[in-house]
There are 2 protein chains.
Amino acid sequence: MSDSTAEILLHIRDLLAGDDSTAMRKVLAGLHPADIAELLGELENEQKVRLLKHLDNETAAEVLAAVDERSGQALLQLLSDTEVVSLLGEMQSDDVVDIISQLPPEKSRQIDALLPSGEREKFHELLEFDEDTAGGIMEVETVAVQEVATVREAIELVRQLADQIENLQNVYVVNGEGELVGTIPVLDLLLHDSSEKIVDLMDDNVISVPVDMDQEQVAALFGKYDEFTLPVVDSSGKLVGRITVDDIIDVLEEEASEDIAMIAGTVEDEIGETSPLKVSRARLPWLIIALLGQLLNALIMSHYSLSIQEFVALVFFIPLVIGTAGSTGIQSAVVVVRELAVGQRSDAHIGRRVFRELQVTLLNGMILGLILFVAVSVWRHEITLGLFMWIVLMSVTIVAGFMGAAIPLVLSRLKVDPVIAAGPFITVLSDIIGLLIYMSYVTYYVSNIRS
Amino acid sequence: MSDSTAEILLHIRDLLAGDDSTAMRKVLAGLHPADIAELLGELENEQKVRLLKHLDNETAAEVLAAVDERSGQALLQLLSDTEVVSLLGEMQSDDVVDIISQLPPEKSRQIDALLPSGEREKFHELLEFDEDTAGGIMEVETVAVQEVATVREAIELVRQLADQIENLQNVYVVNGEGELVGTIPVLDLLLHDSSEKIVDLMDDNVISVPVDMDQEQVAALFGKYDEFTLPVVDSSGKLVGRITVDDIIDVLEEEASEDIAMIAGTVEDEIGETSPLKVSRARLPWLIIALLGQLLNALIMSHYSLSIQEFVALVFFIPLVIGTAGSTGIQSAVVVVRELAVGQRSDAHIGRRVFRELQVTLLNGMILGLILFVAVSVWRHEITLGLFMWIVLMSVTIVAGFMGAAIPLVLSRLKVDPVIAAGPFITVLSDIIGLLIYMSYVTYYVSNIRS
C-alpha cells in the first residue's frame, strides 16, 4: 500500500465515523472502483457495508466485482438479498457467475429466486461450465450483427448496447444460423461509409475459442495472437460469448501460482490463506511423501551400517551427495516443466532435450566434482578419496539430471500435468537414487580400494 | 504443434520446393501472421527468407515482430539492410526497438544510417530506457487530442492515424503543454454528437504509468484496473507513449519464468536455451553455493564423529532430518515470495505472517514427528529413540519454517528481490541448521540418555 493510499484510508475512516455523506461522496468520486476495492479490504466488515452504501449502484457493482474473495464473502453476508440482486444486475455475466458460485448454497438459492427469469437461465447455463475452461471465464454479453447488416445498423446496435458492455473492442458477425463468420473492430465502423455492408468489411479469418477449451490454452491463444478480446463458440460454431484479456491476466497469475506452489510442494489455495489448519493440510501430503522417501533412505543406510562403521569419514559427505543430487534433479525438472508450460511441446524434441540435459549435468558434475576433489584432498589429505568423491558426484548429477528431465517429459506425453514431478517428488527421488549410488560406491571403495 | 499445422507445414515445404507463387500466396493469405511466424520456426533459414518474400510488406513486418528470437536473428542476417529498414517502417515502435537492440552492433549501425532522421531520433530515445521499465515496453504511437477539440476533430484524427496504430482503444487528451489530462474511449466518439467538446466528455480521473516504473509494477496496474491500454507519462506529466496489454502478457510470462527459474536455482534465460555450455553456466553458481554449504555440513559432521561411531543408527536419519528441514523451509519461503509477488506487501503483516508460519510448522512437525515416532519405534524397537526423533523433527521444522518465512520478508523490506531466498539458498541453509540441531541433540542423547 502506498503512502497516499494510507492517507486516503485514514480520511475515509474519519468520514465513516462521522456523518458527512457529501464529503464522503466527494472523496469516493475521485477514486477508481479498483482503488475503493483495495481500501475496502482494510476496513472492518460493518464499515465495508456502510462505505458501499455511499456509492451509486453501478460503482458499487464494480467495487464488488473487484474486491478480494474474503471481503466479497463478508459483504455478501451483510447485504440483504434484494441489495445483492440489484448489484448483480449491473455486472458482466462472468462476474455474476463468480459471485454466485462463491455464495453458501442457502444464500445462493435465495438470490437465485429473486433473479429475473431470463437472467436466471443464462447464469444457470454459465454455471454448468467448468470454471477452468473458456466457458467458465467468458461473459455472454457481445455485440453481434448479421453479415447482411450495414455499417449504420452496426453503429446503431453498438450505441444501444454500449453501456452494458465494458471494453467493447470488436463487433462479431454471425450468419442466419448464429454461427460466427467474421469480426470487425468497432473503430473500423468509424472509418467506413455508413451504407457499406458489414460482410464486405469484416475479417473472415476469425480466431475463436471453443467453449470447452482449457483456460491455460486460451491464455496461450491470447499470447500468440496479441488480441484483447476473443469470441467463444460452441461445438456447432455458434457465437456464445467473449473472453476479455483482463480475465486472461488473472488466469496467468493463477497458473503461475499453481506451478510455483506445486514446485514447493503445496497447493495454490494456500497463497493468501490465513488459517494455519488449512495451510498445514495443503502442505502435509507432500511432506509425508517426502518423509516416507527419507525413511526408505534410513533403511538403505542401515543396510550399509558395516561400511559406515568402518569408515566414518564417508558419512560426512552424505548430505553433500544427496543435496547435490536434489539440486541437480530439481533444476532439470523445473526447466523442462516451464518449457512445456510456455508451449515448447514438440514430441520430437524429447530425445534432444534429455540428451542436452545429460551434456549439461556431465559438465556441471565435472566442475562440481573438481571443486570437491580439491576440497577433500586438502582437508582429508587423501587424493584417492578426492578422486573417489569426484566420480561419485559426476555419477550422481548425471543420473539426477536425467531423471529430472525425463520424468516430466514422460508425464506430459501421458497427458499428466508434468508439474507434479517438479516438486518434492523429484527431490526425494534424487535423494534416494543419490544415496543408493553413493552407498554402493562406498562399499566398493571400502572393500577394494582402502583394504 | 497441432495436426493441421503440421499439414500446412508440409504443404508450404512442397510449395517452397516448387515455383508456384500464386498457390503460395493463397495458402499464406489464409493464415494469421502469428501462425506464419510459428511455421517459420520450423523451416531452414534460407526457406524462411523465401517464404517472407511471398508476403506483402505489412504482413512480413507483423511476422517478423512475432517470430521467436532465434528465427528473427536468422532472418535479419539474411535480409539486406534496405529490406530490413522497409520492414521496420511498418512496425510499432516497441517492436522496432526490440529488433534493433537484438542486432549485432555492426548491422545495427548500418540499419541506423538508413532510417529516416525523425524516426532515428525516436528510436534512439526509446533505446535509452531500461528494457524492464514502462519506457522499455511502451510504443510512442498514440492518438492525442487537445482538450478544446470537438468530437468531429477527434474522429478526423483517429481516421488519419488508424492504420498506424494497432488495437486503438482510447484517445488521450492533452493540454497546451502536452500534459495528459484525460482519456476518452474511441467507442465514446461514436456515441456523442460531433460538435460536443472533448473536455466535457473525457474521463479526467486518468490512470497513467510513469515512464521509469518497473514492468512488474506496470503489470500489477493492468491487473488491478482491468485496462487494455494505459498511457505513459514522463516526470513532468507529459504524454510520451502507451502500453498495450499484449506486452503485459509477455511481461507476466517472463516474470513467472524468472521466479520459477530462481526457485530452481537457475536463470530465466535458460528456458528454451539449447547450448549446453550456456545452460551449465546458468546453473553452476547456485550449485557451487549449495556445494560449499554442504561442505560446511561435512565439517559439522566431522566434528561429531565420536557420537556417530558410538551410535551408527542415528546416522541413518540424517537424510531424513535435513530433507524435512529443506522441504519445510522451501514451502514457507516460496509461499511468502509468491504472496509478495501478487501484491500482499503490507509491512504490518510481517509479524502476523511469521507467527502463522510458526503455527503451521508446529502442527506439521507434530504430525510428521508422530509418523516418525511410530516408524522408529516399530523398526528399531526403541520407544526412547522414537520420542527423541519426534522432538528433533518438531524443532527442525519450526526453525526451518521460521527462517523460510522471515528471510524473504526481511529481504523485501530491504528492497532486495525476495525470490533469491526461495531457491537453493533456503534449502542449503535449512539443511545446515537442521543438521546442527540434530547433531547437538544426538550428542546430548548419546551422552545423557543412552548412557
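Structure: above.
We now turn to the structure provided with this report.

How each quantity is defined
- Per-chain numbering applies: the sequence of each chain, read as written, is numbered from 1 onward.
- A letter from A marks each chain and a number from 1 marks each ligand, given out in the order of writing.
- For this predicted model, a pLDDT threshold of at least 70 governs which residues receive local features, and a threshold of 80 or more governs which side-chain atom pairs are given and counted, while totals over whole chains, interfaces and linings are taken from all residues.
- Hydrogens and waters are ignored; side-chain quantities use all the structure's heavy atoms.
- The secondary structure listing takes helices from DSSP runs of H or I that are at least 4 residues long and strands from runs of E that are at least 2 residues long, numbered from the N terminus.
- Throughout, radius of gyration means the C-alpha value; the globule benchmark is 2.2 Å times the number of residues raised to the power 0.38.
- Three labels apply to residues, based on accessible area from a 1.4 Å probe with only protein chains included: buried if under 20% of the type maximum, exposed if over 50%, partly exposed otherwise in between.
- Here the copies are superposed with least squares, the fitted atoms being C-alpha atoms of residues at a pLDDT of at least 70 in both.
- By definition in these notes, contact holds between two residues if any of their heavy atoms fall within 4.5 Å.
- Note on terms: buried area is the combined drop in 1.4 Å-probe accessible area of two parts once they are placed together, counting the loss on both.
- When a carboxyl oxygen of Asp or Glu is within 4 Å of a side-chain nitrogen of Lys or Arg, the pair counts as a salt bridge.
- Pairs of N or O atoms are called polar contacts if they sit within 3.5 Å, as long as, within protein, a hydrogen donor faces a hydrogen acceptor (for residues adjacent in sequence, only side-chain-to-side-chain pairs).
- Think of it as three bins: nonpolar holds Ala, Val, Leu, Ile, Met, Phe, Trp, Tyr, Cys and Pro, charged holds Asp, Glu, Lys and Arg, and polar takes everything else, Gly as well.
- Side-chain rings of Phe, Tyr and Trp (the six-membered ring for Trp) are treated as a pair once their centres are within 6.5 Å; stacked means planes under 30 degrees apart, edge-to-face means over 60, and tilted covers the remaining angles.
- Note that patches include only residues with greater than 30% relative accessible area and no salt bridge, and the join distances are 9 Å for like charges and 5 Å for nonpolar side chains (Val, Leu, Ile, Met, Phe, Trp, Tyr).
- Note on areas: these come from Shrake-Rupley sampling with a 1.4 Å probe, and a residue is covered only by the protein chains present in the view.
- Positive charges come from Lys and Arg alone, negative charges from Asp and Glu alone, with His and the N- and C-terminal ends not counted.
- Lys charges are placed at NZ, Arg charges at CZ, Asp charges at CG and Glu charges at CD.
- For two strands to pair, DSSP has to find at least two bridges joining them.
- Side-chain atoms within 4.5 Å are what join buried Ala, Val, Leu, Ile, Met, Phe, Trp, Tyr and Cys residues into a set we call a nonpolar core.

Let us now look at the overall build of chain A. Scanning chain A for helices and strands turns up 22 helices and 6 strands. Its C-alpha atoms give chain A a radius of gyration of 30 Å, more than 25% over the compact-globule value 22 Å for 451 residues. Taken along the three principal axes of its C-alpha coordinates, chain A extends 95 × 60 × 40 Å. Classification of the 451 residues of chain A by burial places 53% in the buried group.

For the pair of chain copies, the relating operation is a rotation around an axis with a shift along it. Placing chain A over chain B gives an RMSD of 0.2 Å and needs a rotation angle of 180°, together with 0.0 Å of translation along the axis. The two molecules are tied by a two-fold rotation axis, judged by turn and shift. Most of the interface of chain A is mirrored in chain B, where 100% of its interface residues are also at the interface.

A few words on the interface of chain A and chain B. Often, the extent of an interface is quoted as the loss of accessible area upon association of its parts. Listed as interface residues are 103 residues of chain A and, on the opposing side, 103 residues of chain B. The junction of chain A with chain B conceals about 9400 Å² of combined surface from both sides, 71% of it contributed by carbon and sulfur atoms. The interface formed by chain A and chain B contains 6 salt bridges. One salt bridge connects Glu38 of chain B with Lys224 of chain A, and the closest N-O pair in it is separated by 3.3 Å. Our enumeration of links across chain A and chain B arrives at 23 residue pairs in polar contact (both at pLDDT 80 or more). Of all the elements, helix H17 (residues 276-303) of chain A adds the most residues to the side of chain A that touches chain B, at 17 residues. Residues that form the side of chain A that touches chain B fall into these classes: 58 nonpolar, 28 polar and 17 charged.

What follows deals with the packing of aromatic side chains. Scanning the entire structure with this criterion turns up 11 aromatic pairs over all chains. Ring geometry for Phe373 of chain A against Trp390 of chain A: centres 5.4 Å apart, planes inclined by 40°, an arrangement best described as tilted. One end of the pair, Phe373 of chain A, is in helix H20 (residues 349-380); the other, Trp390 of chain A, is in helix H21 (residues 383-413), with 17 residues separating them in the sequence. Between Phe388 of chain B and Tyr441 of chain B, the aromatic rings sit 6.5 Å apart at their centres with planes inclined by 55°, giving tilted as the arrangement.

Together, Asp68, Glu69, Asp98, Asp130, Glu131, Asp132, Asp214, Glu216, Asp269 and Asp417 of chain A make up a negatively charged patch on the protein surface. Position of Asp132 of chain A among the secondary structure elements: in the loop between helix H10 (117-128) and helix H11 (134-137).

Attention now moves to the sheet that holds strand S4 (residues 209-210) of chain A. Residue and element names in this part refer to chain A. Pairing is mixed in the open sheet, where 3 strands are placed in the order S4-S5-S6. The outermost strands of the open sheet, each flanked by one partner alone, are S4 and strand S6 (239-244). Bridge count for strand S5 (residues 229-233) against S6 is 5 bridges, and the pairing is antiparallel. Bridge assignment links Pro231 to a residue of S6, and that residue is Arg242.

Moving on to unusual backbone geometry. When glycine is set aside, most residues are seen to have a negative phi, and most peptide bonds are trans. Positive phi is not limited to glycine here, since Lys415 of chain A has a value of about 65°. Along the polypeptide, Lys415 of chain A turns up in the loop between H21 and helix H22 (424-449). Judged by relative accessible area, Lys415 of chain A falls into the exposed class, the value being 78%. The phi dihedral of His381 of chain B falls on the positive side, at around 55°, and the residue is not glycine. Take His381 of chain B: its relative accessible area is 67%, and that puts it in the exposed class.

Below, the discussion takes up the pairing of strand S5 (residues 229-233) of chain B. Residue and element names in this part refer to chain B. With 5 of 5 residues buried, S5 is to be regarded as a mostly interior element. Where strand S4 (residues 209-210) lies against S5, 2 bridges are found, and the strand directions are parallel. If you follow Pro210 over to S5, its bridge partner there is Val233. Between the antiparallel neighbours S5 and strand S6 (residues 239-244) lie 5 residues, among them Gly237 with a positive phi of about 85°.

Counting 121 residues, the largest nonpolar core has Ile243 and Ile248 of chain A together with Ile243 and Ile248 of chain B as the members making the most contacts within it. Once residues lying within four places of it in the same chain are set aside, the contact partners of Ile248 of chain A are Ile137, Val218, Ala219, Phe222 and Ile243 of chain A together with Ile249 of chain B. Ranked by size, the runner-up nonpolar core spans 82 residues in total, among them Leu295, Leu368 and Leu372 of chain A together with Leu295 of chain B.

Residue and element names in this part refer to chain A. Among the surface-exposed residues, Val410, Leu414, Val416 and Ile420 lie close enough to one another that they form a single nonpolar patch of about 320 Å² accessible area. Looking at the element boundaries, Val416 is found in the loop between H21 and H22. A relative accessible area of 34% means that Val416 is categorised as partly exposed.

The subject of this paragraph is helix H5 (residues 57-66) of chain A. All names here are of chain A. Buried within H5 we find Thr59, Ala60, Ala61, Val63 and Leu64. Those residues of H5 hidden inside the fold are in contact with helix H3 (33-40), helix H4 (45-53), helix H6 (69-78), helix H7 (81-88) and helix H8 (93-102). Measuring from the backbone nitrogen of Glu58 back to the side-chain oxygen at the start of H5 gives 3.1 Å, which picks out Asp56 as the cap.

On to the environment of Leu43 of chain B, then. Residues and elements named next belong to chain B. As for its placement among the helices and strands, Leu43 is situated in the loop between helix H3 (33-40) and helix H4 (45-52). Placed 270 residues apart in sequence, Leu43 and Ala313 show a C-alpha to C-alpha distance of 61 Å. Setting aside chain neighbours within four positions, we find Leu43 in contact with Leu9, Arg13, Leu16, Lys48 and Leu51.

Here Asp112 of chain B is to be found in helix H9 (residues 105-114). Buried Asp112 of chain B, no salt bridge; nearest opposite-charge side chain is Arg120 of chain B, N-O distance 4.4 Å.

Function cannot be read off these values alone, since they describe shape.
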